[in-house]
Amino acid sequence: MDLEQLGKRVRAGGAERYHAANAARGKLFARERIARLVDEGSFVEDGLFANVYGGRPPGSEPLADGLAADGVVTGSGTVDGRPVCLMANDSTVKAGSWGARTVEKIIRIIEKAYGAGVPMIYLVDSAGARITDQVDLFPGRRGAGKIFWNQVRASGSIPQVCALFGPSAAGGAYIPAFCDVVAMVDGNASMYLGSDRMVEMVTGERTTLEAMGGARVHCAESGVGHFLCADEDEALDVVRRYLSFLPANWQGSPPRAEPVAAPSTVDLSGLVPASERQAFDMRKYVRGLLDEGTFFEIQALWAREVTIGFGRLHGEVVGVVANNSMFKGGVLFVDSADKATRFVQLCDAFNVPLLFLSDVPGFMVGTAVEKQGIIRHGAKMITAIAEATVPKICVVVRKAYGAGLYAMAGPGFEPDATIALPTAKIAVMGAEAAVNAVYANKIAALADDDARVEFVAARREEYERDIDIVRLASELVVDAIVEPDELRDELIRRYAAAQAKDRHFARRRHGVTPV
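Procedures and definitions
- Residues numbered from 1 in each chain as written.
- Predicted model: local features only at pLDDT ≥ 70, side-chain atom pairs only at ≥ 80, totals over all residues.
- Heavy atoms only, no water.
- Helix = DSSP H or I, 4+ residues; strand = E, 2+ residues; numbered from the N terminus.
- Rg over C-alpha atoms; globule rule 2.2 N^0.38 Å.
- Buried < 20%, exposed > 50% of the residue type's maximum accessible area, 1.4 Å probe, protein only.
- Patch = residues over 30% accessible without salt bridge, like charges linked within 9 Å, V, L, I, M, F, W, Y side chains within 5 Å.
- Areas by Shrake-Rupley, 256 points an atom, 1.4 Å probe, with all protein chains shown as cover.
- Salt bridge = Lys/Arg side-chain N within 4 Å of Asp/Glu carboxyl O.
- Lys, Arg positive; Asp, Glu negative; His and termini not counted.
- Charge placed at Lys NZ, Arg CZ, Asp CG, Glu CD.
- 1 Å grid on protein atoms, 1.4 Å probe; cavity = no way out; pocket = protein on both sides within 12 Å on 5 of 7 lines; lining within 4 Å.
- Points joined across faces, edges and corners; volume = space filled by probe spheres on them.
- Axes fitted to C-alpha atoms, helices over the stretch in contact; angles between N-to-C directions.
- Parallel < 35°, antiparallel > 145°, perpendicular 65-115°, else oblique.
- Left-handed = near helix turned anticlockwise from the far one by under 90°.
- Contact = heavy atoms within 4.5 Å.
- Nonpolar A, V, L, I, M, F, W, Y, C, P; charged D, E, K, R; others polar.
- Polar contact = N/O pair within 3.5 Å; in protein donor to acceptor, adjacent residues only side chain to side chain.
- Phe/Tyr/Trp six-rings, centres within 6.5 Å; stacked < 30°, edge-to-face > 60°.
- Pairing = 2+ DSSP bridges.
- Core = buried A, V, L, I, M, F, W, Y, C linked by side-chain atoms within 4.5 Å.

Colleague: Help me understand the overall build of the chain, please; the structure alone is not making it clear to me.
Modeller: Counting its regular elements, the chain contains 21 helices and 16 strands. Over its C-alpha trace the chain gives a radius of gyration of 26 Å, about what one expects of a compact globule, namely 24 Å for 515 residues. Counting only C-alpha atoms and orienting by the principal axes, one finds that the chain spans roughly 95 × 55 × 45 Å. Put simply, the chain has 515 residues, and 51% of those count as buried.

Colleague: Explanation requested: a negative patch on the surface in the structure shown.
Modeller: Taken together, the side chains of D267, E483, D485, E486 and D489 present a region of like negative charge at the surface. Turning to its location among the elements, E483 is positioned in the loop between β16 (480-481) and α21 (484-498). A relative accessible area of 42% means that E483 is categorised as partly exposed.

Colleague: Could you clarify how one ought to interpret empty space enclosed by the protein in this entry?
Modeller: A water-sized probe, rolled over the atoms, reveals where empty space remains. Applying the stated criterion across every chain, the model contains 1 cavity of 30 Å³ or more. Here the largest cavity is characterised by a volume of approximately 50 Å³. M87, N89, W98, I106, V124, S126, G128, S168, A169, G172, I175 and P176 are the residues that line the largest cavity. Secondary structure elements with two or more residues in the lining of the largest cavity: β3 (82-89), β4 (120-126), β5 (160-169) and α7 (174-177).

Colleague: Even after reading the chapter, I still don't get the packing of helix α18 (residues 431-445) against helix α19 (residues 449-466), so can you show me in this structure?
Modeller: When two helices pack together, you describe them by how their axes are tilted relative to each other and by the distance separating the axes. Put simply, α18 and α19 touch, their axes get as near as 10 Å, and they point 135 degrees apart. Taken together, α18 and α19 sit at an angle that is classed as oblique. As α18 packs across α19, the resulting crossing turns out to be right-handed. Across the interface between the two elements, A431, E432, A434, V435, Y439, K442 and I443 of α18 pack against R452, F455, V456, R459, R460, E462, Y463 and E464 of α19. Of the residues that constitute the contact of α18 with α19, the class distribution is 8 nonpolar, no polar and 7 charged.

Colleague: What is the right way to look at the pattern of salt bridges in this model?
Modeller: When their charged atoms lie close together, side chains carrying opposite charge are able to pair. Taken as a whole, this structure holds 35 salt bridges when the rule is applied. Among the ionic pairs, D65 bridges to R56, the shortest N-O distance being 3.0 Å. Look at R56 and you get partly exposed, because its relative accessible area is 25%. Salt-bridge contacts for D416 lead to K501; the nearest nitrogen and oxygen are separated by 3.0 Å.

Colleague: Looking at this structure, I do not really get the layout of surface pockets. What am I missing?
Modeller: Computed from the structure, the largest pocket encloses a volume of approximately 1600 Å³. Taken together, 47 residues make up the lining of the largest pocket; nearest its centre are S155, R342, Q345, L346 and A349. Secondary structure elements with two or more residues in the lining of the largest pocket: α7, β6 (181-185), α14 (334-349) and α16 (374-387). Sort the elements by how many residues they give to the lining of the largest pocket and α14 lands first, with 10 residues. Classifying every residue of the lining of the largest pocket by side-chain character gives 22 nonpolar, 15 polar and 10 charged. Considering only enclosed or pocket space, the second largest pocket measures out at about 560 Å³ in volume.

Colleague: It is not clear to me how the side chain of S168 should be interpreted in this structure. Could you clarify?
Modeller: Within the fold, S168 resides in strand β5. Looking at S168, its side chain comes within polar contact range of the main-chain oxygen of G172, at 3.0 Å.

Colleague: Can you walk me through the environment of I308 in this structure?
Modeller: In this structure, I308 sits in strand β10 (residues 306-313). Once the C-alpha coordinates of I308 and A340 are considered, the two residues, 32 residues apart in sequence, prove to be 7.1 Å apart. Beyond its immediate chain neighbours, meaning those up to four positions away, I308 contacts F295, F296, E297, I298, Q299, V320, V321, K339 and F343.

Colleague: Teacher, can you tell me more about the packing of aromatic side chains here?
Modeller: To describe a pair of aromatic rings, one takes the distance between the centres and the angle between the planes. All told, the structure shown has 10 aromatic pairs when counted by the stated rule. Pairing F148 with Y174 gives two aromatic rings, centres 6.1 Å apart and planes at 65 degrees, and the pair type is edge-to-face. One end of the pair, F148, is in helix α6 (residues 144-154); the other, Y174, is in helix α7, and 26 residues separate them in sequence. Among the residues examined, F148 registers a relative accessible area of 16% and is labelled buried. Here the aromatic rings of F148 and F178 are separated by 5.9 Å at their centres, their planes lie at 40 degrees, and the arrangement is tilted. Linking F148 in helix α6 with F178 in the loop between α7 and β6, this pair joins segments that are 30 residues apart in sequence.

Colleague: Which parts of the structure should I look at to understand unusual backbone geometry?
Modeller: Where the residue is not glycine, phi is negative for most of them; where a peptide bond is considered, it is trans in most cases. Of note, the phi angle at N51 is positive, near 55 degrees, even though the residue is not glycine. Structurally, the position occupied by N51 is in the loop between β1 (44-46) and β2 (72-79). One non-glycine residue, D80, adopts positive backbone phi at about 55 degrees. Residue classification places D80 among the exposed residues on the basis of a relative accessible area of 52%.

Colleague: Would you mind going over the pairing of strand β13 (residues 392-401) with me for this structure?
Modeller: Taken residue by residue, a regular strand's side chains alternate between the two faces of the sheet. Burial runs high along β13: 10 of the 10 residues are buried. Bridging between β13 and strand β14 (residues 417-420) involves 4 bridges; their strand directions are parallel. Its bridge partner lying in β14, V395 is registered against I419. Alignment of β13 against strand β15 (residues 425-427), held across 3 bridges, turns out to be parallel. Bridge pairing in β15 places Y401 opposite A427.

Colleague: Just to check I follow, could you spell out the nonpolar core for this structure?
Modeller: Across soluble globular proteins, you tend to see nonpolar side chains buried next to one another. Core analysis: the biggest nonpolar cluster contains 72 residues, and I121, L123, Y242, F310, V321, F343 and L354 have the highest contact counts within it. Among residues more than four places away in sequence, those in contact with L354 are G319, V321, F343, V344, C347, A388, V390, P391, K392, I393 and Y495. Counting 31 residues, the second-largest nonpolar core is a separate cluster that includes V103, V118, I175 and V182.

Colleague: What am I meant to see in a nonpolar patch on the surface here?
Modeller: A contiguous nonpolar patch, built from M198, M201 and V202 and spanning about 350 Å² of accessible area, is present on the exposed surface. In this fold, M201 is placed in helix α8 (residues 196-203).

Below, the structure written as structure tokens:
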């Protein structure tokens, strides 16, 4: 047997018509995706000849069933000089579906990444399991479930990032779900547990894969997707950028970069309106505070009342959690609490210091959110804040009301510092709501309009004096009051001082997460 020729046939993937069909949809060949992602010449492949006989006896015609590499390419390489492991479904081979050897290859490469302590990259484009091979690939100890078991074990130990170029169907949809982040190509990528045909058969609902599980649905509505990408090169760039902010594993430190000044065009003092009723875009504030061009927003389209992402302060990586009053007034809802919770856990797992920028009226109230479980979702967020032991600093930019203060790492949650801007207010609730709550009956009893306005104004003034930020500083509720143009330097100094902090939290194996 000519091994060189056989290897060449395997590397060619499936039939030419499948390559052409993918190209017509703007999809790259799996091996081309790998070549564009990893450093040139660094990729080392494992399992090239997997299932080369298609289950027939040795000596049979190789690849007679067209199962090149059994539909998945696995191996290791480097990205920007740093070692990684990766897998890439080959959708020209049985639509990237899984056979027994496919599953084994994926299991082995995750185990290799976990054992070596290097990031694991998933380049997904798969129609799911081959039903004809279900006994071999599905139920056993080294069946498909072992993929997810390994992903869960690796979670928080090594970075796991997924770029989704096509479908990720049925049980296979859990590969992206167990990753830290998922980049999805608009128009081609999809995730779903049951196909549109199956949904109609089971529920009677008529839908399409795009409407049910397309990239935009998952990036803007379900929150399972994190980045909506225009094309495959953008998705690969997301993978590269994401890894640039993280260490190889949980025992390392985030990679440092050369310091870059903050953008000179952003006036932090002028960004925050005097009236707390007036919205402003906290993302502009974040970009004006961090090293220029370094803010990497995550889940920009979902639960937008909270902004999260990585950035750099004087070259050092930080994770940002910020309220954004441009969306729903910055109030915390079920989805935004979940979004912040997971990001805080991600940063804490990989030693990324946390920066909280607070402008929060609190958690949403009302029948709808109570039925959705706002209390338990809020409890999960507050649990994540409490358990995070990385350096964390709370900056009250404009307001921190009610349990929103707790959710943004307020003083009771042992931040390394609580910093207030001169515009900051910290209270159980805003002045208007407080006066109405305490004096509702008396206000209603005042028949004269002028008397009522005068009474309310006087009570509001009393309330504002009670929560005066200088008073709170005198009571050591806040550690410092800092002018906006001095905040960046203050943060740089404080994070440097907190680098060696003790990261023990509690005597236990793990907590019981609120449901």
